Amino acid sequence: MAMLPITSGGSSYSVTLASEQGIHRLVMDIAAALDPGDLVTLSGDLGAGKTTFARALIRHLAENPEIPVPSPTFTLMQTYDLKQFPVVHADLYRLDGPGELAELGFDDLPRNAVVLLEWPDRAAGFLPPDRLDIAFTLAPLAGPEHRNVRVTGYGKFAGRAERIPVIRRFLDGTQFAEASRRRIQGDASTRTYERLTLGTNSAILMNAPRKPDGPPVRDGKPYSQIAHLAEDVVPFVAVANGLRQLGYSAPQIYEAELADGLLLIEDLGTSPVVSGEPPAPIPERYAAAVDVLISLHDQKVPAGVRIAPNVAHRLPVYSEDAMLIEVELLLDWYLPYHGMPVTESMREVYIGLWHEALQVALNAKPTWVMRDFHSPNLIWLPERKGIARVGLLDFQDALLGPAAYDLASLLQDARVDVPELMEVELLGNYVKQRSAADHEFDPAGFIRVYATVAAQRASKILGIFARLNKRDGKPQYLRHIPRVWGYLQRSLAHPSLEALRDWYTENVPVPQAPRVPQQPSGAEAQPEPATAAPEAGNA
C-alpha cells in the first residue's frame, strides 16, 4: 500500500466500511468537519476506494447526487465551484515527482478551496503540516466490498479529527443515527452546527467542545472568564429550558452529552426576521421581537435555572469588569487596525470615562440579557402565537444585566441597516408599553441606559470585527464597521455621554469603506438557524 509521508503528531481513528451505506456515513462525518482551505489526502492502493470516496464526498458537498465527478487520473486536477466552498479533486498518480506540482497550478488555487488529493506520496516533503489523511485498505478476507479506513488529523486538524468519532457515537445513540447531515453556515464562533434530516423529521446538532482558557489578561484571569463567556453547553441548556418554561420559543433539547459538548436540539426552521439583499428588517417581525423583550422584562426572572437534579446554572452578573474589558477591545484591536498607537494615558482616560458612564447601567434593575439578541439569532415562526412567534437562538452567554442591552442589540443590528426612524419608533413603543405596565418604570432613565449600553456594545463590536480580520483571517467583517460606527454616533449623541463623545472625536478615526477581498462562497451569507455570532466577545 502507498503510504502517506510521515508527519509527527496527529490523531487517528479507524472504521470498517462494509457497504455503500457505510461509505455514505463516513462521507457525512468527514464533510461536517471540513472548513474552507482544508487539505484532505486520500491514501491507498489501486482499487482501494479513494476515487469512490472522493466522488461521494463531492456529490454530498454539492447537494447533488447526479453531478458528474470523473476520475482526475488523466486530467490530474478537477475543480468544482460549490456553494460552501470550491472543491479541487486532484490525482498525482501519473506524476514523476514533487517537482511537477507547480505545473499543475496548485499555487493558483483559491485560498478557500478544499483540496482532495489522491496519491499524496507523490508529493513527499511538500505537504502542509495541517491536513486530514484518509487511508483505505482492502479487506479481501471480509469480502470484496469491505474496506478498512484509517482517518488521521495532522497539525491543527488533529482536534477536529478527534471529534469525528465522538460525534458519530453520540448520533448513533439517538433517533437520528441514519439521518442526512448538512453543515449550517456559521459565524465567528468555534461552535459548529448541522441540520439532520430523517424522513419528515429534522433536528439541529450543536457541536460545542469545551473551550480551553486563553492566556491571563488581567488579575490572572483570561478574557473569557472576565467577560463571562460560556465555556461549555450547560448554560445553553439551562437558559433554553428557562426560556421555554416562561413561554418563549427557545429550542427544545432532545438529547445532550454535556461532557462532550454535544446537543441535539429542535430545528426552528430558516425563516428570518429580515429579507432582501442586502438584508433589511421586516417591520412586523422586528416589532414582534421587541414584544418578546417587553414580555421578558415585565416579569421577575430567576437568577439560576436547574437542568438536572444535581446540575444547575446561575447566570453571572454583567459586571463593570466585564463591560470594561469589552470596551477595551476598541483600544486593543480597532485603533491598531487604523495604525494608531494606544498610550497608557489614553487608556486611563478612556477607562475612567467609561467607568463613570456605566454606573447607570450597573444600577439598573437586572433581568436576563441574552446578549446576542439580533437578526441572525431570531427565527420567524408564523404558525405560533404571540411571543412564541419569535424563535430564540445563541443565548449561552446570557447574563443578569440591564434590560436595555438586548433592545440595543436588536435595534442597532451590526449586520443589518436598521433605519434611525425604525429604531426610534420601536424604542418608543417599548418605553410606552413598559410604562403602562410598571408605574415605577422611568422612561428618561431607560433611554439613558439604552444609549450607554448601545455605545458600549458598538465599541466592543468595532474591536471584535477588527480582531476577526487581523487575528482570525476573516476580513469579511470589516464591511460592517461603517454601519456600527454610525450606530455608535447615534448613541454618543445622548447628552449624558458628552465627555465620551468628545474623547471619541479626538482619538478615534472615522472609518472609511474598507476594501474587503472577495469573500469565500457562502462565507457570511445570512446565517441559517443555530449559528453563533461574535458580539459577546468570543476570545
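Residues numbered from 1 in each chain as written. Predicted model: local features only at pLDDT ≥ 70, side-chain atom pairs only at ≥ 80, totals over all residues. Heavy atoms only, no water.

1. Some thoughts on the confidence of the model for the protein chain
Note that predicted coordinates carrying low pLDDT should not be read in detail. Summarising the model, the protein chain shows a mean pLDDT of 90, and 91% of its residues fall at 70 or more. A low-confidence stretch, residues 1–7 (pLDDT under 50), is modelled with 26 contacts involving residues beyond four sequence positions or located in other chains. Note on residues 516–533: pLDDT is under 50 here. Beyond four places in sequence and across chains, it has 64 contacts. (pLDDT = per-residue confidence, 0-100. Contact = heavy atoms within 4.5 Å.)

2. Some points on unusual backbone geometry
Cis geometry marks the peptide bond from glutamate 277 to proline 278, where omega comes out at 0°. Within the secondary structure layout, proline 278 lies in the loop between β15 (274–275) and β16 (280–281). The phi angle at aspartate 219 is positive, at roughly 50°, despite the residue not being glycine. Turning to its location among the elements, aspartate 219 is positioned in the loop between β11 (216–218) and β12 (221–222). For aspartate 394, which is not glycine, the phi dihedral falls at a positive 55°. Within the fold, aspartate 394 resides in the loop between β21 (390–392) and β22 (399–402). (Helix = DSSP H or I, 4+ residues; strand = E, 2+ residues; numbered from the N terminus.)

3. Remarks on the packing of aromatic side chains
Each aromatic ring pair is described using two quantities: the centre-to-centre distance and the angle formed by the ring planes. According to the stated counting rule, one finds 12 aromatic pairs in the structure shown. Relative to phenylalanine 395, the ring of phenylalanine 236 has its centre 4.7 Å away and its plane inclined at 15°; by these criteria the two rings are stacked. Of the two residues, phenylalanine 236 sits in helix α6 (residues 234–245) while phenylalanine 395 sits in the loop between β21 and β22, which places them 159 residues apart along the sequence. A relative accessible area of 3% places phenylalanine 236 in the buried class. Put simply, the rings of Tyr350, Trp503 and Tyr504 pair up and form one aromatic cluster. (Phe/Tyr/Trp six-rings, centres within 6.5 Å; stacked < 30°, edge-to-face > 60°. Buried < 20%, exposed > 50% of the residue type's maximum accessible area, 1.4 Å probe, protein only.)

4. Concerning the packing of helix α1 (residues 20–31) against helix α4 (residues 157–172)
Look at α1 against α4: their axes get within 10 Å of each other, and the N-to-C directions meet at 125°. Taken together, the axes of α1 and α4 lie oblique to each other. Every pair of crossing elements has a handedness; the one defined by α1 and α4 is right-handed. Here Arg25, Asp29 and Ile30 of α1 come into contact with α4, specifically with Ile164, Arg168 and Asp172. (Axes fitted to C-alpha atoms, helices over the stretch in contact; angles between N-to-C directions. Parallel < 35°, antiparallel > 145°, perpendicular 65-115°, else oblique. Left-handed = near helix turned anticlockwise from the far one by under 90°.)

5. So, the nonpolar core
One finds Leu330, Trp354, Tyr430, Phe446 and Tyr504 to be the most contacted residues of the largest nonpolar core, which totals 110 residues. The biggest single contributor to this core is helix α13 (residues 443–470), with 14 residues. Beyond its immediate chain neighbours, meaning those up to four positions away, phenylalanine 446 contacts Ala403, Ala404, Leu407, Leu427, Tyr430, Val431 and Phe441. Judged by nonpolar contacts, the second largest core, of 32 residues, contains Leu34, Ile58, Val114 and Phe157. (Core = buried A, V, L, I, M, F, W, Y, C linked by side-chain atoms within 4.5 Å.)

6. Side note on the sheet that holds strand β10 (residues 201–207)
Pairing in this open sheet of 5 strands is antiparallel, and the strands run β8-β9-β10-β14-β13 from one edge to the other. A strand with exactly one partner marks an edge of an open sheet, and here the two such strands are β8 (180–184) and β13 (253–257). Direction aside, the axes of adjacent strands within the sheet are offset by 20° on average. (Pairing = 2+ DSSP bridges.)

7. Considering the pattern of salt bridges
Scanning all chains against the criterion turns up 27 salt bridges. Notably, a salt bridge pairs aspartate 172 with arginine 25, separated by 3.0 Å at the nearest N-O pair. Of this pair, aspartate 172 sits in helix α4 while arginine 25 sits in helix α1; the two residues are 147 residues apart in sequence, bridging distant segments of the chain. Accessibility expressed as a relative area gives 38% for aspartate 172, which makes it partly exposed. Judged by its relative accessible area of 19%, arginine 25 is buried. Two residues, arginine 384 and glutamate 266, come together in a salt bridge whose shortest N-O distance is 2.9 Å. In this pair, arginine 384 sits in the loop between β20 (378–380) and β21 while glutamate 266 sits in strand β14 (residues 262–266), placing the two residues 118 residues apart along the sequence. (Salt bridge = Lys/Arg side-chain N within 4 Å of Asp/Glu carboxyl O.)

8. Quick word on the sheet that holds strand β3 (residues 77–81)
Strands sit in the order β1-β7-β6-β2-β5-β4-β3 across an open sheet of 7 strands; the sheet is mixed. In this open sheet, the two edge strands, each paired with only one partner strand, are β1 (11–17) and β3. Adjacent strand axes in the sheet meet at a mean angle of 15°, parallel and antiparallel pairs treated alike. Pairing between strand β6 (residues 131–138) and strand β7 (residues 147–154): 8 bridges, direction antiparallel. Across the sheet, the residue bridging to leucine 138 is arginine 147, located in β7. The strands that α1 touches are β1, β6 and β7; relative to β1, the one it contacts most, it runs at about 155°. Contacts between α4 and the sheet are confined to β1, β6 and β7, with β1 contributing the most and set at about 40° to the helix.

9. Re the environment of leucine 324
With respect to the element layout, leucine 324 can be found in helix α8 (residues 320–337). A relative accessible area of 10% means that leucine 324 is categorised as buried. Those residues within four positions of leucine 324 in sequence are excluded, and the remaining contacts are Ile351, Trp354, His355 and Leu358.

10. Describing helix α11 (residues 404–411)
The buried count for α11 comes to 8 of 8 residues, which makes it a mostly enclosed element. Of the positions making up α11, those classed as buried are Ala404, Tyr405, Asp406, Leu407, Ala408, Ser409, Leu410 and Leu411.

11. Considerations on α8
Given 3.6 residues per turn, any residue in an α-helix points the same way as the ones three and four places further on. End to end, α8 covers 26 Å across 18 residues, agreeing with the expected 26 Å (1.5 Å per residue, within 8%). The largest bend along α8 reaches roughly 25° and is located at valine 327. Burial in α8 covers these residues: Ala322, Met323, Leu324, Ile325, Glu326, Val327, Glu328, Leu329, Leu330, Leu331, Tyr334 and Leu335. The first or second residue beyond α8 is glycine 339, which carries a positive phi of 75°. (Expected span 1.5 Å × (residues − 1). Bend = angle between axes of the 7 residues up to and from the residue.)

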